[in-house]
Amino acid sequence: MRFFRSGSLFLTATLLILGIGVAKAQRLPTHWTADGYQYYKITDDGIRILDTRDTSKKAIWISKEALTPQGKAPIDIKRFSVSANGQKVLINTNTKKVWRYDTRGDYWVYDTYSKKLWQLGKSLPASSLMFAKFSPDGGKVAYVSGHNIYVEDLADGSVKQLTTDGNSKLINGTFDWAYEEEFGCRDGFRWSPDGKSIAYWQIDASKIKSYLMLNTTDSIYPYVVPVEYPVAGENPSSCKVGVVDINTGKTNWINTPGDEVQHYIPRMEWTSNSNEIILEQLNRAQTESKVFIGNVSNGTTRMIRDEKSNAWIDGKERWNGGDPTGWEWINKGKDFLWVSEKDGWKHIYRISRDGKETLVTKGEYDVISVNLIDEASGYIYFMASPDNATQKYLYRIKISGGTKPERVSPLDEPGTHSYDISPNGKVALHNFSNSYTPPVSEVVSLPNHKHIGGKIVAVNKDAQNKTEFFKVKTVDGIEMDGWMKKPTNFDPHKKYPVVFIVYGEPAGQTVTDAWGAGINRLYAGSMANDGYIYMSVEGRGAPAPKGTAWRKAIYKNIGIVNIRDQAMAAKEILKWPFVDSTRIAVHGWSGGGSSTLNLMFQYPDIYKTGIAVAAVGDQLTYDNIYQERYMGVPVDADGRAAFIKGSPVTYAKNLRGNLLYIHGTGDDNVHYKNAEELINELVKYNRQFELMSYPNRTHSISEGEGTNLHLKTLFTRYLKEHCPPGGR
């Protein structure tokens, strides 16, 4: 249950509800030119070059006409990459989804010198190529098709198949469902620095059981859709790393210590040496992280770092904006940067190849993400928010450490900032919003943050009925952040219904000072105009920059600690004079749906109406990488007990209020089995509720004509009927 990146559950669910929208495909990276001041951008007329120093310059680099194959329509560019020398462009088109993102498709190469355009892998099935990328010298392209790795010579067009054993269960160069969903791992191979070999993951999913979904809508006779899906308590796929020589086709395997089934390898890259790779290995419980350097020639490894935790250890995609690729090398490959929470806060460490560590950032604050290593100037740029966990700002600190971080984001722009920084560290594409200022983009110089181009960022000082941020302290002494959108014509002498939006798991925050806070896109109309107080409070377990103890308090207690925090905060809020305690509603999606159910069942005296969407009703049905990370490995009765204790189905008999449950029958993430287990429990105890099953819809419940409107109408009707709006 993680980011749609990272992942899936939180982006497709909570962000939709908050009004930020749902991503239809992967966010495209910015491709900067060699000088670091210009970047390429896909436009309706081809690919243009934009100059950050003069935003009026938008020269066409490759025209649509140049990208039109003879006798065919122009190529619809989905994404592209540029060779190291800037001569060739690799264009991805005709893409198809692989679970979340459209990561398979066709690839074309355009040579800007010869003006030649040609397709790669023409003998392979259409839309089957994945993760194509240039060799370091730009003379070859490697890609995956049908779970095997190929390399194509751009000079003579010859294609060589480097692996031959790949199939739907033995996966070369990419990943299975669980690795993709929970580690953000998709692209599973890397060119060596000298371009003579390719390092790749091999995933053996042959022993993974398939969850059999039933498609009853796309043909007269229903048919089974199998999804390899290792649930909590089941062994994961085995994983190993090999290096294949592109001339001989021979693979040398890296002998990583330990059982391949009981460990994960979520990160692997080359060092600066073409005979060495570096990788991170996590134990199955994800409580121990080891870093190894592997020798390609003889397959041996040596461990240079070992970290243990009493809870879980986050992988790179969790501290680098959802991207698990790359390795943060500095000092000509002699050292690298690493992020760890071992001192109680998420901090950057400098690590030498022999494992010596130096703390770079220091203090009671969290590094949210690493944005750029600017070795030329000697600084690291990173995101943090030491004083307000609902906001996000850019800071920089000397690579050598030992200094206080310097805030780069302006002091007069409170809210949420994001930056795409040029590799030269001189300019950045800056985005800003807060709860009352819509997103705005500009180009700024660094480190002085001077406006260069785009729309000038200005906080909306004229905003009316702003979303209010507050803190509430529970009877347990837990201080929680919250936001509240009051009715448009709020009268403090009246009492209003409260609708809570909840998530409550480690995959994402709901209480952030960003555009969308206070907006509910599942509601048809304006909740504020109709007379609702819309609210969210955020307790322990949420990945807020409030220290390790805050985030890890939920370990082995999902469904208990996070639920109590929500309920105890609600109890305090019910004391407010303008809150109507008889009209309290809660809703959430995915992990938020699970929280909604638990709140309705465990605290029926507080929550009178609940709308739960795509909830995990039984934690033992969810995938092992996610659920075991936060709840432990349920290898025995004691281990399973924590899963059962936190599952909504355990408490379904306590339902007293009004419940609407919604789920897609084609959900490959939180399977419809969860709905049916819940239904059985509610029926068993004669607990009346309403159910809406969306046939063959996935976890986002976005497919099919009319679905979005129907869902909004359903949500709004049920809320108004059972939790009427307006002051009384």
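All values derive from a computational prediction rather than experimental measurement.

On to the overall build of the protein chain, then. The number of helices and strands found in the protein chain is 10 helices and 43 strands. A compact globule built from 728 residues should have a C-alpha radius of gyration of about 27 Å, and the protein chain, at 26 Å, falls within 12% of that. Taking all 728 residues of the protein chain together, the buried fraction comes to 59%. On the protein chain, roughly 28,800 Å² of surface is accessible, and the fraction owed to carbon and sulfur atoms is 49%.

This part is about the packing of aromatic side chains. Under the criterion given, the structure shown has 30 aromatic pairs. Seen in terms of ring centroids, Trp-312 and Tyr-630 are 4.6 Å apart; in terms of plane orientation they differ by 85°. Their pairing is edge-to-face. Highlighted residues: Trp-312 in the loop between strand 23 (301-308) and strand 24 (329-330) and Tyr-630 in helix 7 (residues 624-631), separated in sequence by 318 residues. Taken as a pair, Trp-312 and Tyr-630 share a single burial class, namely buried. Their ring planes at 80° and their centres at 5.9 Å tell us that Tyr-523 and Tyr-532 sit as a pair that is edge-to-face. Residue classification places Tyr-523 among the buried positions, given a relative accessible area of 2%. Residue classification places Tyr-532 among the buried residues on the basis of a relative accessible area of 0%.

With that settled, consider the pattern of salt bridges. Where charged atoms of side chains with opposite charge meet at close range, the side chains can pair. Inspection of the entire model under this criterion finds 39 salt bridges. Note that Asp-102 and Arg-79 form a salt bridge whose closest N and O atoms lie 2.9 Å from each other. One end of the pair, Asp-102, is in strand 7 (residues 101-111); the other, Arg-79, is in strand 5 (residues 79-82), and 23 residues separate them in sequence. In terms of burial, Asp-102 and Arg-79 fall into one category: buried. Here Asp-187 makes a salt bridge to Arg-190, at a shortest N to O gap of 3.5 Å. Its relative accessible area of 9% is what places Arg-190 among the buried residues.

Right, let's talk about the sheet that holds strand 4 (residues 54-63) for a bit. Two orientations exist for strands paired in a sheet by backbone hydrogen bonds: parallel and antiparallel. The strand order across the open sheet built from 4 strands is 1-2-3-4, with neighbouring strands paired in antiparallel fashion. The open sheet has two free edges, formed respectively by strand 1 (31-32) and strand 4, since each of these has just one partner strand.

Okay, the side chain of His-699 next. Secondary-structure assignment places His-699 in the loop between strand 43 (690-694) and helix 10 (707-722). Exposure remark for His-699: the relative accessible area of 4% places this residue in the buried category. A polar side-chain atom of His-699 sits 2.9 Å from a polar atom in the side chain of Ser-590.

Attention now moves to the nonpolar core. Within the largest apolar cluster, 44 residues are counted, with the highest numbers of intra-cluster contacts made by Phe-500, Phe-601 and Tyr-607. In terms of residues, this core owes the most to one element, helix 5 (residues 561-573), which gives 6 residues. Counting residues in each nonpolar core, the second largest holds 43 residues, with Tyr-229, Ile-254, Met-268 and Tyr-622 among its members.

In this section: the pairing of strand 32 (residues 416-421). As defined by bridge partners, strand 32 adjoins strand 33 (residues 427-434) across 6 bridges and the pair is classed as antiparallel. Counterpart to Ser-418 in the pairing with strand 33 is Asn-431. The antiparallel pairing of strand 32 with strand 33 creates a hairpin that spans 5 residues between the two strands, and Gly-425 there sits at a positive phi of about 70°.

With that out of the way, let us pick up the UniProt feature "domain: Dipeptidylpeptidase IV N-terminal" (unreviewed entry) in the protein chain. Per the UniProt annotation, the sites labelled "domain: Dipeptidylpeptidase IV N-terminal" (unreviewed entry) are residues 83-439. The span residues 83-439 carries 2% helix and 48% strand; its end-to-end C-alpha distance comes to 33 Å.

This paragraph deals with the environment of Pro-257. Its location among the elements puts Pro-257 in the loop between strand 19 (251-253) and strand 20 (263-270). C-alpha of Pro-257 to C-alpha of Gln-602: the two residues are 345 residues apart in sequence and 44 Å apart in space. When neighbours within four sequence positions are excluded, Pro-257 is seen to be in contact with Gln-281, Phe-292 and Thr-301.

Time to look at a nonpolar patch on the surface. A contiguous nonpolar patch, built from Leu-212, Leu-214 and Val-224 and spanning about 290 Å² of accessible area, is present on the exposed surface. Mapping Leu-214 onto the fold places it in strand 16 (residues 210-215). The class for Leu-214 is partly exposed, based on a relative accessible area of 47%.

At the junction of Leu-446 and Pro-447, the peptide bond is cis and its omega measures out at 10° in the coordinates. Assignment of secondary structure puts Pro-447 in the loop between strand 34 (437-445) and strand 35 (450-454). Residues other than glycine seldom take positive phi values, yet Lys-332 does so here, at roughly 55°. Relative to the helices and strands, Lys-332 resides in the loop between strand 24 and strand 25 (335-340).

With that out of the way, let us pick up the UniProt feature "domain: Peptidase S9 prolyl oligopeptidase catalytic" (unreviewed entry) in the protein chain. Under the present numbering, the feature "domain: Peptidase S9 prolyl oligopeptidase catalytic" (unreviewed entry) in UniProt falls on residues 526-722. Overall, residues 526-722 shows 41% helix and 17% strand. The separation of its end C-alpha atoms is 17 Å.

Moving on, we get to the sheet that holds strand 23. In spatial order, the strands read 20-21-22-23; together these 4 strands make up an open sheet with antiparallel pairing. Sheet topology places strand 20 and strand 23 at the edges, where each strand pairs with a single neighbour. Between one strand axis and the next, the sheet turns through 20° on average, direction left out of account. Note: strand 20 against strand 21 (residues 276-283), 6 bridges, orientation antiparallel. Among the inter-strand pairings, Trp-270 is bridged to a residue of strand 21, identified as Ile-277.

The rules we used
- Residues numbered from 1 in each chain as written.
- Predicted model: local features only at pLDDT ≥ 70, side-chain atom pairs only at ≥ 80, totals over all residues.
- Heavy atoms only, no water.
- Helix = DSSP H or I, 4+ residues; strand = E, 2+ residues; numbered from the N terminus.
- Rg over C-alpha atoms; globule rule 2.2 N^0.38 Å.
- Buried < 20%, exposed > 50% of the residue type's maximum accessible area, 1.4 Å probe, protein only.
- Areas by Shrake-Rupley, 256 points an atom, 1.4 Å probe, with all protein chains shown as cover.
- Phe/Tyr/Trp six-rings, centres within 6.5 Å; stacked < 30°, edge-to-face > 60°.
- Salt bridge = Lys/Arg side-chain N within 4 Å of Asp/Glu carboxyl O.
- Pairing = 2+ DSSP bridges.
- Polar contact = N/O pair within 3.5 Å; in protein donor to acceptor, adjacent residues only side chain to side chain.
- Core = buried A, V, L, I, M, F, W, Y, C linked by side-chain atoms within 4.5 Å.
- UniProt positions renumbered as here; feature names shortened; annotations may be inferred.
- Contact = heavy atoms within 4.5 Å.
- Patch = residues over 30% accessible without salt bridge, like charges linked within 9 Å, V, L, I, M, F, W, Y side chains within 5 Å.
- Axes fitted to C-alpha atoms, helices over the stretch in contact; angles between N-to-C directions.

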